[in-house]
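An overview of the molecular structure
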Amino acid sequence: MTTFLAFGEARDGELRNLSFETIAAAKQIDENAEVVGVVLADQNTENLANDMIQYGADRAVVVEHDDLKEYTSDAYTQAAMAVIEEEDPDGIVMGHTSAGKDLSPRLANKLDSGLVSDITNVDGGEFVRPIYSGKAFEKKTVKDGLTFVTIRPNNIPPFEKDENRSGDVNTLEVDIKDIRTIIKDVVRKASEGVDLSEANIIVAGGRGVKSEEGFEPLYELADELGAAVGASRGACDAGYCDYSLQIGQTGKVVTPDLYIAVGISGAIQHLAGMSNSKVIVAINKDAEANIFNVADYGIVGDLFDVVPKLTEEIKAL
Ligand SMILES: Cc1cc2nc3c(=O)[nH]c(=O)nc-3n(C[C@H](O)[C@H](O)[C@H](O)COP(=O)(O)OP(=O)(O)OC[C@H]3O[C@@H](n4cnc5c(N)ncnc54)[C@H](O)[C@@H]3O)c2cc1C
């Protein structure tokens, strides 16, 4: 039987959704594989390991260490390598997140392995990944050696949680040393509300919102929908919102079920971050705006009229 490691990602003592997507992805790659959930964290690892199992992992391996509180390349590489050496897996799946993007090539290099990064789908043994900022897709296969992939968050649906599932949890002691980076403090700018990169619904504002206050109707709509608020670079550059909200080529890449673009023209660099969203709604007063070329539904109108009306309608539902 083959063994796949599915790396979870913990933040503040909880697992991000993406952790459970890695388990489903591993099973999609090889339905007969034994999937081992991996948790690297500074606290609560036993519970997190059980979460991995309840979301479909067959068993779990954890490393709990104070140096794993925040992501650092040195500490996480050492912890992950210890797990990989212990398990000698046939495959590894991790998230294509900020941490995963840093960690996966380091590990691939140490393992002398290939790496298929940022996949959005597993299609009969082939890995589908967007290229050229989402304008095309390529398919890759791994012919021999370790199957090592990173998955784009929010594309591969996780299994339902089954609270009756149980499995072994193995705790590895790892002597983490020679750390060259110390994180003294983390200031999270967009800590309120739903995490943008994992949100199922995003309401994004562009330069059309005209001011910081202009974002208010978008926050009200987002509250009603349980959505995260994002932005174009135009809105960030104009100082209407923080750069942590920026979506696009030089911002976050998102694939929510529903993306509502408000007062965003649809520049190619913005589309690079959101055009793979499942349903796109555009609100823009210019009927010729490029965003309508990628939108499934378009509303031509003044956002300051349309957005509050939409919020009222959703409240009424
Ligand atoms: C190297 C590089 C990287 C970049 N990376 C990114 C990136 O990651 N993300 C990104 O977004 N951009 C990026 N850009 C910038 C990008 O080219 C555009 O300049 C930017 O996306 C424009 O933002 P916008 O659509 O909000 O503004 P605009 O292009 O100014 O569009 C504003 C829109 O609002 C509409 N509007 C105005 N008032 C109203 C109203 N009252 N009601 C309804 N609609 C209204 C207008 O019709 C217009 O379509 C990058 C550019 C470069 C060169």
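Scoring rules and cut-offs
Residues numbered from 1 in each chain as written. Predicted model: local features only at pLDDT ≥ 70, side-chain atom pairs only at ≥ 80, totals over all residues. Heavy atoms only, no water. Helix = DSSP H or I, 4+ residues; strand = E, 2+ residues; numbered from the N terminus. Expected span 1.5 Å × (residues − 1). Buried < 20%, exposed > 50% of the residue type's maximum accessible area, 1.4 Å probe, protein only. Contact = heavy atoms within 4.5 Å. Salt bridge = Lys/Arg side-chain N within 4 Å of Asp/Glu carboxyl O. Disulfide = S-S within 2.5 Å. Domains from an automatic or database assignment. Buried area = accessible area lost by both parts, 1.4 Å probe. Polar contact = N/O pair within 3.5 Å; in protein donor to acceptor, adjacent residues only side chain to side chain. Nonpolar A, V, L, I, M, F, W, Y, C, P; charged D, E, K, R; others polar. Near = heavy atom within 4 Å. Areas by Shrake-Rupley, 256 points an atom, 1.4 Å probe, with all protein chains shown as cover.

Moving on to helix H3 (residues 73–87). Here H3 spans 21 Å end to end across 15 residues, near enough to the 21 Å set by a 1.5 Å rise per residue. Across the 15 residues that make up H3, a large majority, eleven, are buried. By the burial criterion, the buried members of H3 are Ser73, Asp74, Ala75, Tyr76, Thr77, Ala79, Ala80, Met81, Val83, Ile84 and Glu87. Among the structural elements, strand S1 (3–7), strand S4 (34–41), strand S5 (59–64), strand S6 (91–95) and helix H4 (98–111) are those in contact with the buried residues of H3. Just downstream of H3 lies Asp88, where phi reads positive at about 45 degrees.

On to the pattern of salt bridges, then. For the structure on display, the rule yields 17 salt bridges. Close ionic contact of Asp74 with Arg180 constitutes a salt bridge, the shortest N to O distance being 2.8 Å. Separated by 106 residues along the polypeptide, Asp74 in helix H3 and Arg180 in the loop between strand S12 (169–171) and strand S13 (201–205) bring together distant segments of the chain. The exposure class assigned to Arg180 is exposed, which follows from its relative accessible area of 70%. Note that Glu138 and Lys140 form a salt bridge whose closest N and O atoms lie 3.8 Å from each other. Each member of the salt-bridge network shares a partner with another, and the members are Glu9, Arg16 and Glu198.

On to the state of the cysteines. This model, assessed by the stated rule, comprises zero disulfides. Between Cys236, a cysteine without a disulfide, and Cys241, which holds the nearest cysteine sulfur, the sulfur-to-sulfur distance is 3.8 Å.

This brings us to the domain arrangement of the chain. Taken domain by domain, the chain consists of domain 1 (3–171) and domain 2 (196–316). Of the roughly 990 Å² buried at the junction of domain 1 and domain 2 (both faces included), carbon and sulfur atoms supply 35%. Summed over the shared surface of domain 1 and domain 2, the result is one salt bridge. Its salt-bridge partner being Glu198, residue Arg16 comes within 3.6 Å of it at the nearest N-O pair. Run the count over domain 1 and domain 2 and you get seven residue pairs in polar contact (both at pLDDT 80 or more). Considered class by class, the residues forming the side of domain 1 that touches domain 2 number four nonpolar, five polar and three charged.

Moving on, we get to the site of the ligand. Inspection of the region around the ligand gives 26 residues, with Arg207, Ser232, Thr250, Ser265 and Asn284 positioned closest. Lys210 is positioned such that a nitrogen or oxygen atom in its side chain is 2.9 Å from a nitrogen atom of the ligand. Here an oxygen atom of the ligand sits 3.0 Å away from a polar atom, N or O, in the main chain of Gly263. Bound to the protein, the ligand loses 76% of the 980 Å² it would expose on its own.

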